[in-house]
Amino acid sequence: MSAETDYAAIAKSDPDVYGIICAEEERQHDTLELIASENHVSRPVRQAVGSVLTNKYAEGYPGRRYYGGCVNMDAIEELARQRAKKLFGCDHVNVQPHAGAQANAAVLLGVLQPGDTILSLDLAHGGHLSHGLKVNMSGLLYNIVGYQVDPKTEQIDYAEVRRLALEHKPKLLISGASAYPRTLDFSKFSEIAEEVGATHMADIAHIAGLVATGLHCSPVPTADFVTTTTHKTLRGPRGGMIMCKADWAKKCDSRIFPGSQGGPLMHCIAGKAVAFAEALKPEFKTYQEQILKNAQALGEGLESLGNRLVAGGTDTHLMLLDLRPAYPDVSGKNAELWLEQANIITNKNMIPFDERKPMETSGLRLGTPALTTRGLKEDHMKTVAGWIDQVLRAQGDEAVVAQVRGDVKTMCDQFQLP
Ligand SMILES: *Cc1c(COP(=O)(O)O)cnc(C)c1O
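Keep in mind the model is a prediction, meaning the values are calculated, not measured. (Residues numbered from 1 in each chain as written. Predicted model: local features only at pLDDT ≥ 70, side-chain atom pairs only at ≥ 80, totals over all residues. Heavy atoms only, no water.)

A. Here's a closer look at the pairing of strand 7 (residues 172-175). Of the two faces of strand 7, the one carrying Leu172 and Ile174 and the one carrying Leu173 and Ser175 are both buried. One ladder, built from two bridges, connects strand 5 (residues 117-121) with strand 7; its direction is parallel. Bridging from a neighbouring strand, Leu119 pairs with Leu173 of strand 7. Inspection of the sheet shows strand 7 paired to strand 8 (residues 199-203) by four bridges, in the parallel sense. When the sheet's bridge partners are listed, Leu173 is paired in strand 8 with His200. The parallel pair strand 7 and strand 8 is bridged by helix 8 (residues 186-196), and the resulting crossover is right-handed. (Buried < 20%, exposed > 50% of the residue type's maximum accessible area, 1.4 Å probe, protein only. Helix = DSSP H or I, 4+ residues; strand = E, 2+ residues; numbered from the N terminus. Pairing = 2+ DSSP bridges. Right-handed = clockwise from strand over helix to strand, strands pointing away.)

Pasting the structure below:
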């Protein structure tokens, strides 16, 4: 397989890098991508990100730049903003965050003083490192109180969140998760925040595509801030974004630039603009609906083979497989490794109240956004569930892995990458 023709220049000038790009293209073609935070962007998005916009410094915001020559930068950033506003219905948007973690850091810098308290979902229960990991900027600068899921339902217990909020009086309440399969009730979080005088930041990094198409409730009407990545279910380039109420607009912008970033990545902002336009099309809603149908099919397929899903299943694009009941001797680490040998790409993940260590884990996180982009449907999900089960049941037995890898390759050859 060879890369597309516009790679001719790099192929000639830098065969080392070109070789690695080709190898990665081949790897993506030959594997089934089940990492819930990944996707395959369209060619137009890739072309925008690979464009000459990477050459330009544009510190500041449209109409208020610190460099000359920004006329086209103003145009592209304004276009990205307008499209984002249309997509999510927000008052104000900042499209400059380099990634999701930068979006969250800017909100924290805007709302909090060092030492202030944040109430956020425990990382071992599905939270994100930018919500308070000890060695992340959030955990280093602020006092973190974590809420956990209910031990029985493995779902968020809003009465418990409220109890902790009343007890600890956080200045910031964070909702949103990286490994939580169920619907989040953002209006409940907003109510709790209001009751205790906290600001509410909803982080929709994972579910942005579902929110944009109305398939998951939106926090935009009630939360003070909504942060997201643009590269997960939203299927844009790597990047972040902050939406907020008009009152917070100035603070939000100043904490991105000059608060925590220098020049914006204008080529990525162009990619975001392209992705937002794609997301505004009816086909994108059909795509998001298929993500959900595929997640249901994959979950049911796994359950029918004796597996247990954390929280009893999924309402979203992702699920957490509790490996213990069906494969008691298989850790998440081994599961990830053996499945990769069979060309099925997943990631190990802690499950709530996990007894194994973070580098071992008893869980596996699976998501359907990338496979759905590729064109796979419910029937294929049942097949994939069967392959996962075969590899894990055989504990990575070489013959079984080789057999599955062959079957995976046959399926991959039927579905081209965008
Ligand atoms: C992925 C993710 C982020 C940020 O991701 P980056 O890797 O910094 O782009 C933030 N919050 C949540 C909940 C996430 O899942």
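After that view, the rundown keeps rolling.
B. Layout of the pairing of strand 15 (residues 363-367). Counting buried residues along strand 15, five of its five residues qualify, which places the element largely inside the surrounding structure. Side-chain alternation along strand 15 places Gly363, Arg365 and Gly367 on one buried face and Leu364 and Leu366 on a second face that is also buried. Here five bridges tie strand 12 (residues 318-322) to strand 15, and the two strands are oriented antiparallel to one another. Looking across to strand 15, one finds that Asp322 is bridged to Gly363.

C. Spotlight on the nonpolar core. Judged by nonpolar contacts, the single largest core of 56 residues is most densely connected at Phe88, Tyr147, Ile156, Ile204 and Met243. Formed jointly, this core draws a minimum of three residues from each of two domains, domain 1 (52-279) and domain 2 (283-414). Those residues in contact with Ile156 that lie beyond four places of it in its chain are Tyr147, Val149, Val161, Tyr180, Leu184 and Phe189. Ranked by size, the runner-up nonpolar core spans 35 residues in total, among them Ala295, Leu302, Leu364 and Val404. (Core = buried A, V, L, I, M, F, W, Y, C linked by side-chain atoms within 4.5 Å. Domains from an automatic or database assignment. Contact = heavy atoms within 4.5 Å.)

D. Summary view of the layout of surface pockets. In this structure, the second largest pocket occupies an estimated 520 Å³ of space. If you go around the second largest pocket, you meet 21 residues; those closest to its centre are Leu123, Gly127, Lys348, Asn349 and Met350. With three residues, strand 14 (residues 347-349) is the single largest residue contributor to the lining of the second largest pocket. Its residues assigned to classes, the lining of the second largest pocket shows eight nonpolar, nine polar and four charged. Structurally, the lining of the second largest pocket is a two-domain feature, drawing no fewer than three residues from each of domain 1 (52-279) and domain 2 (283-414). (1 Å grid on protein atoms, 1.4 Å probe; cavity = no way out; pocket = protein on both sides within 12 Å on 5 of 7 lines; lining within 4 Å. Points joined across faces, edges and corners; volume = space filled by probe spheres on them. Nonpolar A, V, L, I, M, F, W, Y, C, P; charged D, E, K, R; others polar.)

E. Representation of the sheet that holds strand 14 within the structure. Here four strands make up an open sheet; going across it, the order is 11-12-15-14 and the pairing antiparallel. The open sheet is flanked by strand 11 (308-309) and strand 14, the only strands paired with a single partner. As defined by bridge partners, strand 11 adjoins strand 12 across two bridges and the pair is classed as antiparallel. Along strand 12, the bridge assignment pairs Leu309 with Leu321. Packing of helix 12 (residues 282-304) onto the sheet brings it into contact with strand 11, strand 12 and strand 15, and relative to strand 12 it is tilted by some 10°. Packing against the sheet, helix 13 (residues 332-341) makes contact with strand 14 and strand 15, and its axis sits at approximately 45° to strand 15. (Axes fitted to C-alpha atoms, helices over the stretch in contact; angles between N-to-C directions.)

F. Quick peek at the site of the ligand. For the ligand, the set of nearby residues contains 14 residues, the closest of which are Gly100, Ala101, Ser178, Asp203 and Lys232. The separation between an oxygen atom of the ligand and a polar main-chain atom of Ala101 is 2.8 Å. Between the ligand and the protein, one listed contact pairs an oxygen atom with a side-chain N or O atom of Ser178 at 2.7 Å. Within the complex, 85% of the 380 Å² of free accessible area of the ligand lies under protein. Here the shell around the ligand is composed, by residue class, of four nonpolar, eight polar and two charged. (Near = heavy atom within 4 Å. Polar contact = N/O pair within 3.5 Å; in protein donor to acceptor, adjacent residues only side chain to side chain. Areas by Shrake-Rupley, 256 points an atom, 1.4 Å probe, with all protein chains shown as cover.)

G. Structural view of empty space enclosed by the protein. Under the counting rule described, the total for this entry stands at three cavities of 30 Å³ or more. As for the largest cavity, its lining consists of 13 residues, and the residues nearest its centre are Ala177, Tyr180, Leu184, His206 and Ile207. Partitioned by chemical class, the residues of the lining of the largest cavity number six nonpolar, five polar and two charged. Size it by volume and the second largest cavity reaches roughly 40 Å³. Contributing to the lining of the second largest cavity are Val95, Gln96, Pro97, His98, Arg238, Gly239, Leu265, Cys268, Ile269 and Lys272.

H. Representation of the packing of aromatic side chains. For the coordinates displayed, the defined rule picks out six aromatic pairs. A centroid spacing of 5.5 Å and a plane angle of 65° characterise the contact between Tyr66 and Phe257, whose relative ring orientation is edge-to-face. With Tyr66 in the loop between strand 3 (64-65) and helix 4 (71-88) and Phe257 in the loop between helix 10 (249-256) and helix 11 (266-279), this pair connects stretches of sequence that are 191 residues apart. Of the residues examined, Tyr66 reaches a relative accessible area of 60% and is grouped as exposed. Exposure remark for Phe257: the relative accessible area of 10% places this residue in the buried category. Through successive ring pairs, a cluster of aromatic residues spans Tyr147, Tyr158 and Phe189. Positioned above the aromatic ring of Tyr158 is the side chain of Lys188, whose terminal nitrogen or guanidinium carbon lies 5.2 Å from the ring centre. Over the aromatic face of Tyr287 sits the side chain of Arg235, whose NZ or CZ is 4.0 Å from the ring centroid. (Phe/Tyr/Trp six-rings, centres within 6.5 Å; stacked < 30°, edge-to-face > 60°. Lys NZ or Arg CZ within 6 Å of the ring centre and 35° of its normal.)

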